[in-house]
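Examining the three-dimensional arrangement
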Amino acid sequence: RRSPATMPGFHAGHAPGNKGLRYPADPPKVEEIIAVMRAAGDGPHGRRLRGLIVIMWRAGLRIHEALALAEGDLDQRRGSLLVRRGKGGRRREVGMDAWGWEELQPWLDVRRELPVGPLLCVINGATRGRHWSPAAARAELRRTAAAVGVRRRFAPHQLRHAHAVEMAREGVPLIVIQRQLGHSNLGITSVY
């Protein structure tokens, strides 16, 4: 016997429980991000999670932009990543620092052994080498953060906020931060 909640149309007409909730821009501290990266481990799954964290934190990508990256979109020599379809279908090139490339390298080594496909992909099973779903990536990030003892919401978009805050603290002009994040409106960037 199945639960009524699993039947199609059970939730029809009801707003989701989190509708209208807005979470403040509360980026995690550098120590928390590093702790989550360490807790991810050194296995293939841990290296993939660390790669995702580094791409979102050090390059300021949205989760769907990070998961859509292909191996050919990386240019380590120039220190840049190519976002082919950002929000609104816009294309942009973003920079990533040397430390970020260094932290991404272990995943790139594992990735060479997998079938050709997206940069951050499924590692095991029949779908090996295919797109890693955003829901699975969020769940793994949340699980690892909870295991470390991070006692705040640790969502992928907060890594993007952390990137913007660090750039602002370093004195990078707001217009450059806007270009890096791919915002069409400077007002959105100033909220970050």
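This text follows the structure it describes.
On a predicted model such as this, the values are computed, not experimentally measured, just so you know. (Residues numbered from 1 in each chain as written. Predicted model: local features only at pLDDT ≥ 70, side-chain atom pairs only at ≥ 80, totals over all residues. Heavy atoms only, no water.)

A closer look at the pattern of salt bridges
Put simply, the test is: By definition here, a salt bridge exists when the distance from a side-chain nitrogen of Lys or Arg to a carboxyl oxygen of Asp or Glu is within 4 Å. Helix numbers and strand numbers start at the N terminus; a helix is a DSSP run of H or I with at least 4 residues, a strand a run of E with at least 2.
Taken as a whole, this structure holds 14 salt bridges when the rule is applied. Where arginine 58 meets aspartate 97, a salt bridge forms, and the shortest distance between an N and an O atom there is 2.8 Å. You can see arginine 58 sitting in helix α2 (residues 44-59) and its partner aspartate 97 sitting in the loop between β3 (92-95) and α4 (98-111), a full 39 residues away along the chain. Notably, a salt bridge pairs arginine 92 with glutamate 65, separated by 2.9 Å at the nearest N-O pair. Note that arginine 92 is positioned in strand β3 and glutamate 65 in helix α3 (residues 63-68), a separation of 27 residues in sequence. Within the structure, one salt-bridge network assembled from shared partners comprises Asp26, Glu32 and Arg152.

Things to note about the packing of α2 against α4
Note the threshold: Axes here refer to lines fitted to C-alpha atoms; in helices the fit is confined to the stretch in contact. Angles between the N-to-C directions go from 0 to 180 degrees. Here a crossing is taken to be left-handed if its near helix is turned anticlockwise relative to the far helix by less than a right angle, and right-handed if that turn runs clockwise. Residue contacts follow a heavy-atom distance rule, with two residues in contact if any of their heavy atoms lie within 4.5 Å. Residue polarity follows a fixed list, in which Ala, Val, Leu, Ile, Met, Phe, Trp, Tyr, Cys and Pro are nonpolar, Asp, Glu, Lys and Arg are charged, and the others, Gly among them, are polar.
At a minimum axis separation of 8 Å, α2 and α4 run at an interaxial angle of 145°. With respect to the hand of their crossing, α2 and α4 are arranged in left-handed fashion. Judged by residue contacts, Pro44, Arg47, Arg48, Arg50, Gly51, Val54, Ile55, Trp57 and Arg58 of α2 engage Trp99, Gly100, Glu103, Leu104, Pro106, Trp107 and Val110 from α4. Looking at the contact of α2 with α4 residue by residue, the classes come out as nine nonpolar, two polar and five charged.

Things to note about the sheet that holds strand β2 (residues 80-83)
Applicable threshold: A strand pair is defined by DSSP finding two or more bridges across the two strands.
Ordered by their spatial adjacency, three strands build an open sheet running β1-β2-β3, and the pairing between neighbours is antiparallel. The sheet is open, and its two borders are formed by β1 (74-75) and β3, each paired with just one other strand. Of the pairings in the sheet, the one linking β1 to β2 comprises two bridges and is antiparallel in character. Looking across to β2, one finds that leucine 74 is bridged to leucine 81.

Concerning a positive patch on the surface
The test is simple: Patch membership requires more than 30% relative accessible area and the absence of a salt bridge. Residues of like charge join within 9 Å; the nonpolar side chains Val, Leu, Ile, Met, Phe, Trp and Tyr join within 5 Å. Here, Shrake-Rupley sampling with a 1.4 Å probe gives the accessible areas, and only protein chains in the shown set may cover a residue. By the counting rule applied here, Lys and Arg register as positive and Asp and Glu as negative, while His and the ends of each chain are not counted. For this purpose, a charge sits on NZ of Lys, CZ of Arg, CG of Asp or CD of Glu.
Taken together, the side chains of Arg138, Arg142, Arg143 and Arg153 present a region of like positive charge at the surface. Mapped onto the fold, arginine 143 is located in helix α5 (residues 134-148).

Some thoughts on the packing of α2 against α5
Where we set the bar: Working rule for angles: under 35 degrees goes down as roughly parallel, over 145 as roughly antiparallel, 65 to 115 as roughly perpendicular, anything else as oblique.
The contact between α2 and α5 brings their axes to 11 Å, and the two run at 100°. Taken together, α2 and α5 sit at an angle that is classed as roughly perpendicular. Along the contact surface, α2 presents His45, Arg48, Leu49, Leu52, Ile53 and Met56, while α5 presents Ala137, Glu140, Leu141 and Thr144. Residue composition of the contact of α2 with α5, by class: six nonpolar, two polar and two charged.

Re helix α6 (residues 156-169)
Under the convention used in this document: Residue count minus one, scaled by 1.5 Å, sets the expected span of a helix. Relative accessibility decides the category of a residue: with a 1.4 Å probe and only protein chains considered, values under 20% of the type maximum give buried, values over 50% give exposed, and everything between is partly exposed.
Here α6 contains 14 residues, and its C-alpha end-to-end distance of 21 Å stays within 8% of the 20 Å for a straight helix at 1.5 Å per residue. Counting buried residues in α6 gives 11 out of 14 residues, a clear majority hidden from the surface. Just downstream of α6, glycine 171 is the residue with a positive phi angle, here 85°.

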